[in-house]
Amino acid sequence: MELRAYQARLLEEILASGNTLVVLPTGAGKTLIASELIRRLGPPCLFLVPTCLLVEQQAKAVRDWTGLQVAEFMGGMSLPAHFDVLVSTPKAFQMTQSKGAAVFQWDAFKLVVFDEVHHVLKDHPYRRLALSLSKLQLGPQILGLSASLTYAVGEGKVQKDVTRICRELQIRHMATAGGEELATGGYHSKAAEPVLPAKLPSFVPEGVLPAAERKPHLMVRTFFDRLQRGMSTQFTKKLFSVVQCLETTVAAVDSGFKSPLQNPAPRTWGDYAHKRIPTCSKLASLEHWYEALRMLVTSWEEAEDAAVAYLQMVGEREPTAGLWPPVAEATLAQFWHEAGEYFPRFEHLKDALLYEHATLSRTHGSFRGILFVQQRIMTHVLEHVILTDGELVSKFKPACIYATSSPATASYSVSAADSKARLAQFADGSVNLLIATVVAEEGMDVPAANCVIRFDPMINSVSFVQGRGRARQEDSSFVVLSERPDRPTSSLAAVEAQQLEKIVRSFNPERVATDTRNETAAQRSRERNAREVLLTSDNASTNALAALNLYCKKTKVELQEEHSTDGKDFTCSLKYESVLRSVEATGSYGLKCRAAEGKKQAKRAAAAALLEKLSQQEP
């Protein structure tokens, strides 16, 4: 097996240029280029992938191409004794590297590959590894792979993001191939054009908070404030009244029960009820009502249809007879009487599925689709919607996949084994519709797909490019069922064109150096303007963390933190790292309290020490 002509050309460019970003469409062979580079340079090499699901897949690809000894590494695995190539998640690698393992230090590798390199832009372990590499005078060669380099929308923001990746990874070259060269070289997949209805219907319930007034960091506070002031939607008021009624009933028979709604993290509400089920069987039901309430909170009260479908899925439409006292049963009956049965968003999806199934069955012989959603729990909800619809269930065999790092709820999860098995079923046709979160957008090999449907709005250009690229068969479909008013599909498509035409093909490392000087000047201005926060802080541990967070917000720096314990003390390390400086401090607290409290106190102490160091330095 040989590289395609364009892959061979790009490989020679990488060998001649050093640190390189390769931007190619999904399925064009970025992993093969990286594998051949590994074979040419020789071991040891590091191949980083952003998710556990990709470790085995990419390890097999490298192993099959190079014939080298390839080790797989992720959280929970033992340290590999020997390897030529290490395929690892960044978090597992970073944690092991920080413990001093010699074979995990940068000078042990000839090459470091960042698969899906755009993660460097986020608060992601990739970014911390990139910043660590950027400090080296002479480090391993770096290769970044992606179909899309930025989450941004807007020419200036796109350019800024790409400049940042190049600066932090010390990129000297960008490599890509045009459509004609790809086709000549044997890559015949043509990206499907997005298909939208002539006019997208609105599914927003009456009375929700306008999008322009939403502040994500105040989501939970805003939700309960609206409830208290009577400004919530009618549906939200009804569902919340059910939750309150059921909580009152549970509290009457479980003296240790306390409402978890005071916790500002909605994901903990259902977990709390689930853990206390042994003390009160009614909490099994209340867990699901908490999850339905969580759906309303995280959707800004828009997901009424999802909340109802979820409650129906878990059997709350017809609860066990005699489970609740008469007052609670009356409240439940009233809710279901008024909940409604017709949900336009699901009907819109049904129409799209039936149309695409009929069309692709005729043109391709079969339908193989991926339905993308934002939330894990929605994969289960939509699977339930399809399986309980007589017309849909006769044509579709759905299965859910999403990142296995955490469950959708305490009662719903997908294991790594489940995901692997379901991908295999999709490949052999026994499953013809994968319902997935963004985990299936990036790197996952699903070549059988001929249809991609976006149920929820795409929020960035990466989702547009990567998601669309999952359907690689000729004449595939790409259907967009909803979009954000401020980020229409057309603007996301424009980002892709800008990356290729104005950035990748015209890349100049000297311009990156110029842009870096501009960023340095801008950062110096931000840190000087924010210095008042440092000078007015009293550095008391109780106030230091809030002051430090405010300072980081003003200077646009992501605070890095690590926790450890030596059996005597809890220790927290905090690092402030900008283009101007890197400042680190630690704090400790004795093992005389619960772990959560000990870590909190250690972090406060570290924050006070870090503030002191920052205030002593002039930006």
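The structure reproduced in this document is the subject of the present report.

The rules behind each value
- Residue positions within a chain follow its written sequence, with the count starting from 1.
- With the structure being a predicted model, the display of local features is reserved for residues of pLDDT at least 70 and the display and counting of side-chain atom pairs for 80 or more, all residues being used for whole-chain, interface and lining totals.
- Neither water nor hydrogens contribute to the side-chain values; these are computed over all heavy atoms in the structure.
- Note on pairing: two strands pair once DSSP finds at least 2 bridges between them.
- Under the DSSP-based scheme used, a helix requires at least four consecutive residues in state H or I and a strand at least two consecutive residues in state E, with every element numbered from the N terminus.
- What counts as an axis is a line fitted to C-alpha atoms, over the stretch in contact for a helix, and the angles between N-to-C directions run from 0 to 180 degrees.
- Working rule for contacts: check all heavy atoms of both residues, and any pair within 4.5 Å makes them a contact.
- Categorising residues by exposure relies on relative accessible area from a 1.4 Å probe, with only protein chains included: less than 20% of the type maximum marks a residue as buried, more than 50% marks it as exposed, and the intermediate range marks it as partly exposed.
- Whenever two N or O atoms come within 3.5 Å, that pair is a polar contact, provided that in protein one can donate a hydrogen and the other can accept it, and provided that, for residues adjacent in sequence, both atoms are side-chain atoms.
- Centres within 6.5 Å make a pair out of two Phe, Tyr or Trp rings, where for Trp the six-membered ring is used; the pair is then stacked when the planes are under 30 degrees apart, edge-to-face when over 60, and tilted otherwise.
- What is meant by a nonpolar core is a set of buried Ala, Val, Leu, Ile, Met, Phe, Trp, Tyr and Cys residues, joined one to another through side-chain atoms within 4.5 Å.
- Segmentation into domains, and thus their bounds, comes from an automatic or database assignment.
- Just so you know how the angles are binned, under 35 degrees is roughly parallel, over 145 roughly antiparallel, 65 to 115 roughly perpendicular, and the rest oblique.
- Each helix crossing is assigned a hand: it is left-handed if the near helix lies turned anticlockwise from the far helix by less than a right angle, otherwise right-handed if that turn is clockwise.
- Under the scheme applied here, ten amino acids are nonpolar (Ala, Val, Leu, Ile, Met, Phe, Trp, Tyr, Cys and Pro), four are charged (Asp, Glu, Lys and Arg), and all others, including Gly, are polar.
- Throughout this description, the term salt bridge denotes a Lys or Arg side-chain nitrogen within 4 Å of a carboxyl oxygen of Asp or Glu.

Topic: the sheet that holds strand S2 (residues 45-48)
Right, on to step 1. Taken together, the 7 strands give an open sheet; going across it, the order is S3-S4-S2-S5-S6-S1-S7, and neighbouring strands pair in parallel fashion. Because the sheet does not close on itself, it has two edges, and the strands there are strand S3 (70-73) and strand S7 (173-175). Neighbour-to-neighbour, the strand axes of the sheet open up by a mean angle of 15°, direction not taken into account.
Right, on to step 2. Two elements, S2 and strand S4 (residues 85-88), share 4 bridges in a ladder whose sense is parallel. Bridging from a neighbouring strand, Leu46 pairs with Leu86 of S4.
Right, on to step 3. Contacting strand S1 (20-23), S2, S4, strand S5 (111-115) and strand S6 (141-146), helix H2 (residues 30-41) crosses the sheet at an angle of about 165° to S6.
Right, on to step 4. In the packing of helix H4 (residues 90-98) onto the sheet, contacts are made with S2, S3 and S4, and the angle to S4 comes to roughly 115°.

Observations concerning the side chain of Thr31
Right, on to step 1. Mapped onto the elements, Thr31 comes out in helix H2.
Right, on to step 2. When its relative accessible area of 16% is taken as the criterion, Thr31 is described as buried.
Right, on to step 3. One polar contact links Thr31 to Gln58, side chain to side chain, over a distance of 3.0 Å.
Right, on to step 4. Residue contacts for Thr31: discarding those within four places in its chain leaves Phe47, Gln58 and Ala61.

Points about the packing of aromatic side chains
One pair of aromatic rings is described through two measures. These are the centre distance and the angle between the planes.
Right, on to step 1. As enumerated under the stated definition, the model contains 19 aromatic pairs in all.
Right, on to step 2. On the basis of an interplanar angle of 40° and a centroid distance of 5.4 Å, the ring pair of Phe93 and Trp106 is categorised as tilted. Of the two residues, Phe93 is situated in helix H4 and Trp106 in the loop between H4 and S5; the sequence distance between them amounts to 13 residues.
Right, on to step 3. Exposure remark for Phe93: the relative accessible area of 0% places this residue in the buried category.
Right, on to step 4. Given a relative accessible area of 7%, Trp106 falls into the buried group.
Right, on to step 5. Chaining the aromatic ring pairs together yields one cluster made of Phe73, Phe83, Phe93, Phe104, Trp106 and Phe109.

Re the nonpolar core
Considering soluble globular proteins, one finds that nonpolar side chains tend to be buried as a cluster.
Right, on to step 1. Ranked by internal contacts, the top residues of the largest apolar core, which has 73 residues, are Leu239, Trp289 and Val381.
Right, on to step 2. The greatest single-element share of this core, amounting to 9 residues, is contributed by helix H11 (residues 283-298).
Right, on to step 3. Among the domains, domain 2 (211-338) and domain 3 (344-488) are the pair contributing at least three residues each to this core.
Right, on to step 4. Leu21, Val23, Val112 and Ile165 belong to the second largest nonpolar core, which has 33 residues in total.

Some details on the packing of helix H12 (residues 304-313) against helix H13 (residues 326-339)
Right, on to step 1. Two elements in contact, H12 and H13, have axes whose closest approach is 12 Å; the angle formed by their N-to-C orientations is 125°. Overall, the two elements H12 and H13 adopt an arrangement that is oblique. Between H12 and H13 lies a crossing whose hand is left-handed. The residues of H13 that touch H12, namely those facing Val308, Leu311 and Gln312, are Phe335, Trp336 and Ala339.

Details of the environment of Ala273
Right, on to step 1. Turning to its location among the elements, Ala273 is positioned in helix H10 (residues 267-275).
Right, on to step 2. In sequence terms Ala273 and Phe257 are 16 residues apart; their C-alpha atoms lie 8.9 Å from each other.
Right, on to step 3. If near-sequence neighbours (up to four positions away) are discounted, Ala273 is found in contact with Leu283, Glu287 and Tyr290.

Quick word on the packing of helix H8 (residues 219-228) against helix H9 (residues 234-253)
Right, on to step 1. At a closest axis distance of 11 Å, the pairing of H8 and H9 adopts a crossing angle of 90°. One element, H8, and the other, H9, form an angle in the roughly perpendicular class. Across the interface between the two elements, Phe223, Phe224 and Leu227 from H8 touch Thr236, Lys237 and Phe240 from H9.
Right, on to step 2. For the contact of H8 with H9, a count of residues per class yields 4 nonpolar, 1 polar and 1 charged.

Some points on the sheet that holds strand S15 (residues 569-577)
Right, on to step 1. On the basis of which strands lie adjacent, the open sheet formed by 3 strands has the order S14-S15-S16 and antiparallel pairing. Both outer strands of the open sheet, strand S14 (560-565) and strand S16 (582-590), are each paired with one neighbouring strand and no more. Shown here is a sheet whose adjacent strand axes are inclined to one another by a mean of 15°, direction ignored.
Right, on to step 2. Pairing of S14 with S15, which is carried by 6 bridges, proceeds in the antiparallel orientation. Paired with Glu561 across the two strands is Leu574, which belongs to S15.

Concerning the pattern of salt bridges
Where charged atoms from two side chains of opposite charge come close, those side chains can pair.
Right, on to step 1. Taken as a whole, this structure holds 23 salt bridges when the rule is applied.
Right, on to step 2. For the salt bridge of Arg345 with Asp305, the shortest nitrogen-to-oxygen distance reads 2.9 Å. Linking Arg345 in helix H14 (residues 344-363) with Asp305 in helix H12, this pair joins segments that are 40 residues apart in sequence.
Right, on to step 3. On the accessibility criterion, Asp305 (8% relative accessible area) is buried.

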